[in-house]
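Here is how the chains run, residue by residue.
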Amino acid sequence: QVQLVESGGGLVQAGGSLRLSCAASGRTFSSAAMGWFRQAPGKEREFVAAIRSFGDNTYYASSVKGRFTISRENAKNTVYLQMNSLKPEDTAVYYCAAQRVWSATVTSKWNYDYWGQGTQVTVSS
C-alpha cells in the first residue's frame, strides 16, 4: 500500500505564496517520478509540475513556469511545490501523484499510479 498525503493548501491573496508538501509512505516505496496536478471546479485535472526520482529533471506547465518550483527531499520521501506570485487562476485542488516505473511522459495524469487526496488552494483577488 502506497499513501500520498498532501498538506499546505489554504487561502492566500493574489501575489502571495504557498508551499505544498506531499509525504509518501508504504512498504518498499519507490517511484520513477512524482508530480503535482490540479483540478478546478468543472475543469479537467491538469499537469502542474513533475520531478524525476533518479536525476533531478523538472518539468512545468507553461502556466506556472517561473512561479512554481518543485523539489523533493528523498530522506523524507517528500515532494514539495513552492508556489509564488499566485493568481486567482491558480485556485484548484492540488494533487500529488507518483509514477511507479520510468516513463518518458511525466506530464499526463494517465502515467501516474498513486494519488493523494488533494489539498485546496484558493487565491483571492
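Residues of strand β1 (residues 3–7) alternate between two faces, with Leu 4 and Glu 6 buried on one and Gln 3, Val 5 and Ser 7 left unburied on the opposite face. In this structure, β1 lies alongside strand β3 (residues 18–25), joined through five bridges in antiparallel fashion. From the neighbouring strand, Val 5 faces β3, where its bridge partner is Ala 23.

Position of Val 5 relative to the elements: it lies in strand β1. Val 5 has contacts with Ser 21, Cys 22, Ala 23 and Gln 117, leaving out every residue within four places of it along the chain.

Moving on, we come to the sheet that holds β3. Note on sheets: strands pair through backbone hydrogen bonds, and any given pair is parallel or antiparallel. Taken together, four strands build an open sheet; the order of strands is β1-β3-β8-β7 and the sheet is antiparallel. Of all strands in the sheet, those with a lone pairing partner are β1 and β7 (68–73), marking the two edges. Each strand axis lies, on average, 15° off the axis of its neighbour in the sheet, ignoring direction. Inspection of the sheet shows β3 paired to strand β8 (residues 78–83) by six bridges, in the antiparallel sense. Paired with Leu 18 across the bridge in β8 is Met 83.

Basis of the calculations
Residues numbered from 1 in each chain as written. Predicted model: local features only at pLDDT ≥ 70, side-chain atom pairs only at ≥ 80, totals over all residues. Heavy atoms only, no water. Buried < 20%, exposed > 50% of the residue type's maximum accessible area, 1.4 Å probe, protein only. Helix = DSSP H or I, 4+ residues; strand = E, 2+ residues; numbered from the N terminus. Pairing = 2+ DSSP bridges. Contact = heavy atoms within 4.5 Å. Axes fitted to C-alpha atoms, helices over the stretch in contact; angles between N-to-C directions.

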